[in-house]
Amino acid sequence: MNQLVFSDQEFGDRLNRIRQQMKNRGLDALILTRGENIYYASGFRASHFSSWLSELHAMVIPNEGEPRIMTRALENEVARMQWTKEPKLYMDHEDPYKVLVSILQESGNTAGKIGIEKRFLKLSQFEKIRQHLSNAKFYDASGLVERVAANPSKAESKCMREAARITNIGFQKGIAEVREGAYPYEIIGEIHNAMYKAGQSDFDMSLVCVWSGPQGGRMHDTSTTEKIKKGDIVTIEVWGVDNQYKAGAQGSIYVGDNPPENIIKAYDMVADMFLQARDSVRPGATAGEVFEAANAVYRAARGADYYRRVGGSMGLTIFTLDLVKGRQDALKPGAALLIQVLVDDPVLLTCTSTVMVTEDGSEELTQPLLKLKTV
């Protein structure tokens, strides 16, 4: 049963483009260990889990010959539903590094120039690979696949739009559930429920966060069992998913009728930063230019440069491209960006949505809160 989201032609095109990058670097073979990159090149849906539950989960792409994935025998059912031929399965008591060697032997690359993703290998894994392939020369190929994927296909853009639709439903549901006396975990549950009812099927990829407190909550460390009180700032962050492609939205809500003037003023600044960054998104613009569009607003208001990124790329991988000062990566049509502007002075406030680069500008995929919401 073939359950591939993308066509054989698309996977073939991805492989050709990856091999062109390999050729440009003089690589005889490439070993992928980042779960998202294995999925991108093969459609193996269990890559996310396998990459952190296995001693070694990899995909080998030789310059010539068949690409192969290797994974645990436990994954035999899902391994049949991916693009490459004859996946190599190993039992948990077997040595996966010997399996890796056997794959490279098939294409005669045990002593060649091999690209590895150093950024996504543990030191212990790299040492064992070198021990088992002592005659090979290794080169860091981190980012190779991500550069290929930076030019998304129409099918990928379709996944992004569907992910954004699901995100919007979850985000709006979360906003509607914020009230004095509610618990953040109740809101989180309602958001998840709404997104699954809307058609989300990836259970391990979505993200729902609700932070609350008089200072906007302790971002990334807020207790979900503390009741929301009058005067709190509630921040909701939602990443909906479609076929492992993610789109995000985030916003801040004031609990009460009369927010302090300094909070309103700060939120207006954040919203203006967001609008300037969003409006600067177009083909050929650089990541640094998007940052500077928001930074100009912040600098005029605060007298210093903005202290964090203005967001980054969304999709199969997250923040592969950061919208930071000076970054020269040019934006390409189809790329999705999370425009994420926030401050923590006087309180945590954010205005955030996902936009997609189009042929002549940008398309807003999720709906931002351009005014401070009160409940």
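Predicted model only: the values in this text are computed from it and were never measured. (Residues numbered from 1 in each chain as written. Predicted model: local features only at pLDDT ≥ 70, side-chain atom pairs only at ≥ 80, totals over all residues. Heavy atoms only, no water.)

With that out of the way, let us pick up the overall build of the protein chain. Within the protein chain, the secondary structure is distributed over eleven helices and 14 strands. Its C-alpha atoms give the protein chain a radius of gyration of 23 Å, within 12% of the compact-globule value 21 Å for 375 residues. With respect to the principal axes defined by its C-alpha atoms, the protein chain has extents near 70 × 40 × 35 Å. Split into buried and exposed, the 375 residues of the protein chain put 54% on the buried side. For the protein chain, restricting intrachain contacts to residue pairs at least 6 apart in sequence, the fraction spanning at least 24 positions comes to 65%. Accessible surface for the protein chain amounts to roughly 16600 Å². Of this, 48% is attributable to carbon and sulfur atoms. Distance from the positive charge centre (45 side chains) to the negative charge centre (48 side chains) of the protein chain: 2 Å. (Helix = DSSP H or I, 4+ residues; strand = E, 2+ residues; numbered from the N terminus. Rg over C-alpha atoms; globule rule 2.2 N^0.38 Å. Buried < 20%, exposed > 50% of the residue type's maximum accessible area, 1.4 Å probe, protein only. Contact = heavy atoms within 4.5 Å. Areas by Shrake-Rupley, 256 points an atom, 1.4 Å probe, with all protein chains shown as cover. Lys, Arg positive; Asp, Glu negative; His and termini not counted. Charge placed at Lys NZ, Arg CZ, Asp CG, Glu CD.)

What follows deals with the state of the cysteines. Tallied over the full model, the rule gives zero disulfides. The thiol of C209 is not disulfide-bonded; the next cysteine sulfur, from C351, is found 18 Å away. For C209, a relative accessible area of 17% gives the class buried. (Disulfide = S-S within 2.5 Å.)

This brings us to the side chain of S47. Turning to its location among the elements, S47 is positioned in helix α3 (residues 47–53). Residue classification places S47 among the buried positions, given a relative accessible area of 1%. A polar contact of 3.0 Å, which involves the side chain of S47, links it to the backbone oxygen of F44. Side-chain polar atoms of S47 contact the side chain of H57, separated by 3.4 Å. (Polar contact = N/O pair within 3.5 Å; in protein donor to acceptor, adjacent residues only side chain to side chain.)

A separate point is the side chain of N168. Examined against the element boundaries, N168 turns out to sit in helix α8 (residues 154–177). Accessibility expressed as a relative area gives 14% for N168, which makes it buried. A polar contact of 3.0 Å, which involves the side chain of N168, links it to the backbone nitrogen of Q367. In contact with N168, not counting residues within four places along its chain, are L365, T366 and Q367.

Bringing helix α10 (residues 261–279) into the picture now. A rise of 1.5 Å per residue sets the reference length of α10, with its 19 residues, at 27 Å; its end C-alpha atoms lie 27 Å apart and thus fit the reference within 8%. Turning to α10, the residues buried within the fold contact β8 (233–242), β9 (245–254), α11 (287–302), β11 (336–343), β12 (349–357) and β13 (362–364). (Expected span 1.5 Å × (residues − 1).)

Below, the discussion takes up the layout of surface pockets. The calculated volume of the largest pocket comes to roughly 710 Å³. Lining the largest pocket are 35 residues, and of these E146, A149, A150, S313 and T320 sit closest to its centre. Looking at the lining of the largest pocket, the elements with two or more residues in it are α2 (35–42), α7 (144–149), α8, β10 (311–314) and β11. Residue classes in the lining of the largest pocket are distributed as 18 nonpolar, eight polar and nine charged. (1 Å grid on protein atoms, 1.4 Å probe; cavity = no way out; pocket = protein on both sides within 12 Å on 5 of 7 lines; lining within 4 Å. Points joined across faces, edges and corners; volume = space filled by probe spheres on them. Nonpolar A, V, L, I, M, F, W, Y, C, P; charged D, E, K, R; others polar.)

With that out of the way, let us pick up the sheet that holds strand β2 (residues 58–62). Strand pairing in a sheet takes place through backbone hydrogen bonds and is either antiparallel or parallel in direction. Strand order in this open sheet of six strands is β4-β3-β2-β1-β5-β6, and the pairing throughout is mixed. At either margin of the open sheet sits one strand with a lone partner, and together these are β4 (88–90) and β6 (137–140). The average undirected angle you get between the axes of adjacent strands in this sheet is 20°. Bridging between β2 and strand β3 (residues 68–72) involves three bridges; their strand directions are antiparallel. Across the sheet, residue V60 finds its bridge partner in β3, namely R68. Each of β1 (29–32), β2 and β3 touches α2; the most contacted strand, β2, lies at about 50° to it. (Pairing = 2+ DSSP bridges. Axes fitted to C-alpha atoms, helices over the stretch in contact; angles between N-to-C directions.)

Here we take up helix α5 (residues 96–106). Of the positions making up α5, those classed as buried are P96, Y97, V99, L100, V101, I103 and L104. If you follow the buried residues of α5, they end up packed against β1, β2, β3, β4, β5 (113–116) and α6 (123–132). Structurally, the start of α5 carries an N-cap: the backbone nitrogen of Y97 is 2.9 Å from a side-chain oxygen of D95. Within two residues after α5, G108 carries a phi angle of roughly 70°, on the positive side.

In short, geometric facts, not functional conclusions.
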